[in-house]
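Residues per chain are reported as follows:
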Amino acid sequence: MKRQVPLALCFLFGIVMILTQFSPHSYSQGVYREVINWNLIINPFALILAVATLIQTHMTRIQRRTEHWQYSLVVFLGMAVMVLIGIPLGPQNSYVEWLYNNLQVPMDATMFSLLAFFIASAAYRAFRARTFEATLLLITALIVMMGNVPVGDLIWNSVLSWLPMEDGASKVRQWILDIPNLASRRGIILGVSLGVISQSIRIILGIERSYLGGGD
Amino acid sequence: MSKTTQCLIIYLVLCLSIGTAFSQGLAPPSNVAAVDTPNDDGSSITIKWDAAPEDSGISGYQILRRIAGSGLEEVGGMLPAGSTTYVDSTIEKGSAYVYIVRAVTETEATVESEETAPVKGTGEWFHMGKIPLFFGMILFSAAILWNLYDARSGKEIFVRRIPGLEAVDEALGRATEMGRSILYVLGLGQVDNVATIASMTILGQVARRTADYETPLLVPCNDPIVLNVVREMVKSSYLDEGRPDAYNEENIFFLTDSQFAYAAGVDGIMIREKPAAIFLQGTFYAESLIMAETGNSIGAIQIAGTDSEHQLPFFIAACDYTLIGEELYAATAYLSKDPMFLGSLKGQDWGKLVIFAAIVLGVILELSGVNWITTLLQRVR
């Protein structure tokens, strides 16, 4: 019974939500919006559980004095400041906005900017020409990189001036992106889409039910 | 001003406008028709008219409408000279509207079409433009179902070797031998994301093995609902393997729902805990490489899988094994060897075969000058 009811609901809502995609009528679109709203309502309740686990995790670290337990104090400090200022004053308050714009945004930007260095180190490993495929990747990457900067065409026009193609770096780059790159991407997207449909059918029919956890 | 004088002035202005229009040879918009917009919820009416000749002097069109018994009102502002259609999305459902299309010249002279017949906006129950999509979905679903139930007969189904999934046992064994933990990252997808559900089912299979090996399994989550579902799933896997004592709820925890804070948190866990095996399965965005490169730097064996095609190159560059696109969805079938799941994989292959055949046929027909298949596919919205 513990599983039958969720499976029946999953089947019912799965079929209804599929049908709403084929029916533009205001009633069916109303059902679609309503179900999406129900989904949103669940989130705040789940958030309470999430915050409870967050507190529990960091409390345990502090109690057991595990390695770097001091950072857990920073978590509680940050949480306390945002809660004590955010709840009484509201999210649009200037203090809350100041904290968001001057703490969270710069920290997010710092993490994001690390990506540039990680791309460099990953590209260095990937482009080492040890195999035929890696060499092909290296040559393609070089052409695309050259095509992305104005000096690429300048080099092409002066070094490869004997070729019957002007501004070749940017043209070859565009061809690589539009033809082989796009073709392979679309192949992946088609496979993913079929996989999603197949997985969805398994879920709707209750064949895939591991996400429900234990119990009968 | 007397009433007679007012009437005289209005008459003169009208004569002047009509005179100007006719002196420029301005014809009223022809074949004006208002129809209920097809395949919508009844909230719009489409007005169509014939294009005016290029030398007609028309600089634009105005759309006028009225409900029976009320005055004319303008909708949509001035439309450019080449317009031949206008969709009025500001109608009241259930009311009948009458439309007039007014042509305007550069000298602001105007000429109006005749009134259209009254028309109401009505919602359709079925989107006729989606018929090919609907039948495609039915056929594909039927193919999957056929193979699902056909697989129950016990027929052996061949599944090609997927190196990323073959390496799961190797990764878990390595972590066990080294006495280190396993880190499983579900990505940023929420519980309504199919890739996240696929990732959770792989996690269920991984948890069965970690239960046997008694290897700690760390799962930092970024979505509260995913956290609760994952806890239930992992607990269930440990129970199924007869090792409920080995299950540690504290190892599955909520980190944050902020994208880069989550990446920073996962990176921190990698650096501190130094897991021997890292699974990055699910939906990822810009944080994919930040996590995969950190995992690479600590020497962990990494198995990634995502349906985000933009992140695949990063995973391929930084991880030992990568499940590309559909392989993520095939993982449950591959790992569990359940005949029903394997049957659905065969159904997927049938779908791929049909799409491949349609592509080849479409290319051949296009090259031969026959374009009905292209037209049919373009109609699908």
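This is a predicted model, so every value here is computed, not measured.

Caption draft 1: Quick look at helix α7 (residues 287-297) of chain B. All names here are of chain B. Of all 11 residues making up α7, nine are buried, and the element is well covered by its neighbours. Along α7, the positions that sit buried rather than exposed are Glu-287, Ser-288, Leu-289, Ile-290, Met-291, Ala-292, Glu-293, Thr-294 and Gly-295. Trailing α7 by a residue or two, Gly-299 shows a phi angle of about 80°, which is positive.

Caption draft 2: Main features of unusual backbone geometry. Residue and element names in this part refer to chain B. Even without glycine at this site, Asn-39 takes up a positive phi of about 55°. Structurally, Asn-39 is set in the loop between β1 (33-36) and β2 (45-48). For Asn-39, a relative accessible area of 19% puts it in the buried group. For Glu-108, which is not glycine, the phi dihedral falls at a positive 70°.

Caption draft 3: Structural detail: the interface of chain B and chain A. In this assembly, 70 residues from chain B lie in contact with 56 residues from chain A. Buried surface at the junction of chain B and chain A, summed over both partners, amounts to about 5500 Å²; 69% is from carbon and sulfur atoms. Counting every contact that joins chain B to chain A gives three salt bridges. Taking the shortest distance from any N to any O, the salt bridge between Glu-293 of chain B and Arg-125 of chain A comes out at 2.4 Å. Our count for the chain B to chain A interface comes out at 13 residue pairs in polar contact (both at pLDDT 80 or more).

Caption draft 4: Quick look at the domain arrangement of chain B. Domain assignment breaks chain B into domain 1 (3-120), domain 2 (128-143 + 343-379) and domain 3 (157-337). The C-alpha centroid of domain 3 of chain B is placed 62 Å from the C-alpha centroid of domain 1 of chain B.

Caption draft 5: Structural context of the sheet that holds β2 of chain B. Residues and elements named next belong to chain B. Pairing within the open sheet is antiparallel, and its three strands lie in the order β1-β2-β5. Only two strands of the sheet have a single partner each, and these edge strands are β1 and β5 (85-88). Taking each pair of neighbouring strands and ignoring which way they run, the sheet shows an average axis angle of 20°. Here β1 runs beside β2; their pairing, made up of four bridges, is antiparallel. Within β2, the position partnered with Ala-33 by the bridge is Lys-48.

Caption draft 6: Molecular detail of the domain arrangement of chain A. The domains assigned to chain A are domain 1 (1-89), domain 2 (90-115) and domain 3 (127-216). For domain 1 of chain A and domain 3 of chain A, the distance between their C-alpha centres works out to 35 Å.

Caption draft 7: Region of the structure containing the packing of helix α4 (residues 94-126) of chain A against α7 of chain B. Close contact between α4 of chain A and α7 of chain B brings their axes to 9 Å; oriented N to C, the two are set at 55°. Here α4 of chain A lies oblique to α7 of chain B, going by the angle between them. Helix-helix and strand crossings are classified by hand; for α4 of chain A and α7 of chain B the assignment is left-handed. Within the contact between the two elements, α4 of chain A uses Met-111, Phe-112, Leu-115, Phe-118, Ile-119, Ser-121, Ala-122 and Arg-125 of chain A and α7 of chain B uses Leu-289, Ile-290, Glu-293, Thr-294 and Asn-296 of chain B. Residue composition of the contact of α4 of chain A with α7 of chain B, grouped by class: eight nonpolar, three polar and two charged.

Caption draft 8: Just the state of the cysteines, in detail. For the coordinates displayed, the defined rule picks out zero disulfides over all chains. Looking at the unpaired Cys-221 of chain B, the closest cysteine sulfur is the one in Cys-319 of chain B, lying at 19 Å.

Caption draft 9: Inspection of the nonpolar core at higher detail. With 63 residues, the main nonpolar core has Tyr-184, Leu-217, Val-219, Val-230, Val-234 and Phe-279 of chain B as its most contacted residues. When residues of this core are assigned to their parent elements, the largest contribution, 10 residues, is made by helix α4 (residues 194-213) of chain B. When neighbours within four sequence positions are excluded, Val-219 of chain B is seen to be in contact with Tyr-184, Leu-186, Leu-203, Val-230, Asn-251, Ile-252 and Phe-253 of chain B. The next biggest cluster of nonpolar side chains, apart from the first, holds 29 residues, and it includes Phe-118 and Ala-122 of chain A together with Tyr-262 and Ile-278 of chain B.

Here is what the cut-offs are and how they apply
Residues numbered from 1 in each chain as written. Chains lettered and ligands numbered in written order. Predicted model: local features only at pLDDT ≥ 70, side-chain atom pairs only at ≥ 80, totals over all residues. Heavy atoms only, no water. Buried < 20%, exposed > 50% of the residue type's maximum accessible area, 1.4 Å probe, protein only. Helix = DSSP H or I, 4+ residues; strand = E, 2+ residues; numbered from the N terminus. Contact = heavy atoms within 4.5 Å. Buried area = accessible area lost by both parts, 1.4 Å probe. Salt bridge = Lys/Arg side-chain N within 4 Å of Asp/Glu carboxyl O. Polar contact = N/O pair within 3.5 Å; in protein donor to acceptor, adjacent residues only side chain to side chain. Domains from an automatic or database assignment. Pairing = 2+ DSSP bridges. Axes fitted to C-alpha atoms, helices over the stretch in contact; angles between N-to-C directions. Parallel < 35°, antiparallel > 145°, perpendicular 65-115°, else oblique. Left-handed = near helix turned anticlockwise from the far one by under 90°. Nonpolar A, V, L, I, M, F, W, Y, C, P; charged D, E, K, R; others polar. Disulfide = S-S within 2.5 Å. Core = buried A, V, L, I, M, F, W, Y, C linked by side-chain atoms within 4.5 Å.

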